[in-house]
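Spelled out, the chains give:
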Amino acid sequence: MLRIQIITIIASVAFLFLVFRMVVKGRLREEYSIIWLLFTGILVTFSFWEKGLLLVSNLFGVYLPANLVFTISIFIALVYLLHLSVVASKLQKQNKLLAQEMALMKIEIEKMKENIKSE
Amino acid sequence: MMNILIIIPCFNEQASLPRLISDLGNLELPEKYNVSICVVNDCSTDDTKQVARKLDVILIDLPVNLGIGGAVQSGLKYALLNNYDLAVQMDGDGQHPPAELQKMIACYEETGASLVIGSRFIIKEGFQSSFLRRLGITYFHWLNKFFTGKSIYDSTSGFRLFDKKAIQLGARYYPDDYPEPESLVFFSKAGLAIKETPVVMVHRNGGQSSIRSFTSFYYCVKVTLAMFFSFIRKP
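Residues numbered from 1 in each chain as written. Chains lettered and ligands numbered in written order. Predicted model: local features only at pLDDT ≥ 70, side-chain atom pairs only at ≥ 80, totals over all residues. Heavy atoms only, no water.

J.: An account of the layout of surface pockets is requested, with residue identities and associated values reported.
T.: Residue and element names in this part refer to chain A. Looking at the largest pocket, its volume works out to about 950 Å³. In this structure, the largest pocket is lined by 26 residues; those nearest its centre are I42, L43, F46, L53 and V69. Looking at the lining of the largest pocket, the elements that each hand over two or more residues are α1 (3-24), α2 (30-48), α3 (50-60) and α4 (65-118). (1 Å grid on protein atoms, 1.4 Å probe; cavity = no way out; pocket = protein on both sides within 12 Å on 5 of 7 lines; lining within 4 Å. Points joined across faces, edges and corners; volume = space filled by probe spheres on them. Helix = DSSP H or I, 4+ residues; strand = E, 2+ residues; numbered from the N terminus.)

J.: For the sheet that holds strand β2 (residues 33-41) of chain B, give the residues involved together with the corresponding values.
T.: Residues and elements named next belong to chain B. Reading across from one edge, β3-β2-β1-β4-β6-β5-β7 is the order of the 7 strands in this open sheet, with mixed pairing throughout. Among the strands making up the open sheet, the edge pair consists of β3 (58-61) and β7 (194-198). Across the sheet, the mean angle from the axis of one strand to that of its neighbour is 20 degrees, orientation sign disregarded. Bridge count for strand β5 (residues 115-119) against strand β6 (residues 160-162) is 3 bridges, and the pairing is antiparallel. For V116, the partnering residue across the bridge sits in β6 and is L161. In the packing of helix α7 (residues 179-189) onto the sheet, the strands contacted are β4 (86-89), β5, β6 and β7, and the crossing angle to β6 comes to about 30 degrees. (Pairing = 2+ DSSP bridges. Axes fitted to C-alpha atoms, helices over the stretch in contact; angles between N-to-C directions. Contact = heavy atoms within 4.5 Å.)

J.: Lay out the packing of helix α3 (residues 67-81) of chain B against helix α6 (residues 164-172) of chain B with the relevant residues and their values.
T.: In a packed pair of helices, the relevant descriptors are the angle between the two axes and the axis-to-axis distance. All names here are of chain B. Between α3 and α6, the shortest axis-to-axis distance is 8 Å and the interhelical angle comes to 125 degrees. As judged from the angle between their axes, α3 and α6 are oblique. Read as a crossing pair, α3 and α6 show a hand that is left-handed. Residue-level contacts link Q73, L76, K77, A79 and L80 of α3 to I167, Q168, G170, A171 and R172 of α6. Class assignment of the residues belonging to the contact of α3 with α6 gives a composition of 5 nonpolar, 3 polar and 2 charged. (Parallel < 35°, antiparallel > 145°, perpendicular 65-115°, else oblique. Left-handed = near helix turned anticlockwise from the far one by under 90°. Nonpolar A, V, L, I, M, F, W, Y, C, P; charged D, E, K, R; others polar.)

J.: Residue-level account of the environment of N26(B), with values.
T.: Residues and elements named next belong to chain B. With respect to the element layout, N26 can be found in the loop between α1 (17-25) and β2. Given a relative accessible area of 60%, N26 falls into the exposed group. Along the primary structure N26 and T224 are separated by 198 residues, whereas in three dimensions their C-alpha atoms are 39 Å apart. (Buried < 20%, exposed > 50% of the residue type's maximum accessible area, 1.4 Å probe, protein only.)

Quick look at the structure:
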């Protein structure tokens, strides 16, 4: 086994463990963990199966397997960042709605309190 | 009887608020109008909340800072909930003199427009603001003409009157930051009549404009984009 293989295996397994732990502790939601688990899994697979990367590179017509790894991982990172921006936008929208509802409700509560007092 | 809600979005306006409210209280409007004042405290860091508590106003106290758009929308939601006929948005810093409200209402009565904008630029009088700001406003005038087909001169003005239809639409959707020009595209696409009337504005008594120099480039880009997307979005 090559030295680089051992390093990637250790790194990706450690990463996998980290993701697992965060989901278990409730710091990472399951739906967001799927993508991390999936890609760590792929990383582990290719770490063991050294011919695999060469095979896939040939399939895509990529000369250097490393380029394939970079291209795919950068693309995936970009898509994931976009996804996170969408999530942030959604959260902001919900946050605004909640703040407004809460402020309007405070007025209703004040009104009710005064009604009770005057009765 | 017409019920008007005056919405005053406030971020750190403790200095100018008491005078504005007392000026509004002294305002003489035709008898059929019944005015209520609503202060929206957008999570001020000064004592705006305590100051507003002591005044005779409805206080919408936002738990987090939503920006001018979110604050105005809160007021519109309150107006919708409590069945107001008209809503007027007015700055909390004293930039919009209460006396000018009469002109807005007169314009509404005359034209029946759903949205009346108090404009600095139709007649040149009063506070005209700086060159760069005027340049920006000329740009937005052009942009508005392109997107709405209407000639609106002071599209960034935060002095506006909403009728029931506009209140309803605004309560449902209102942009968050720098909402004025974008909301014009939105309202215009929804088929509302928009009219502009000249008003006199004065230098602000205190507080800060939401548009400062280092952010003005961002402002232009953001608003242009927002107007574009509002334009292509299905209403």
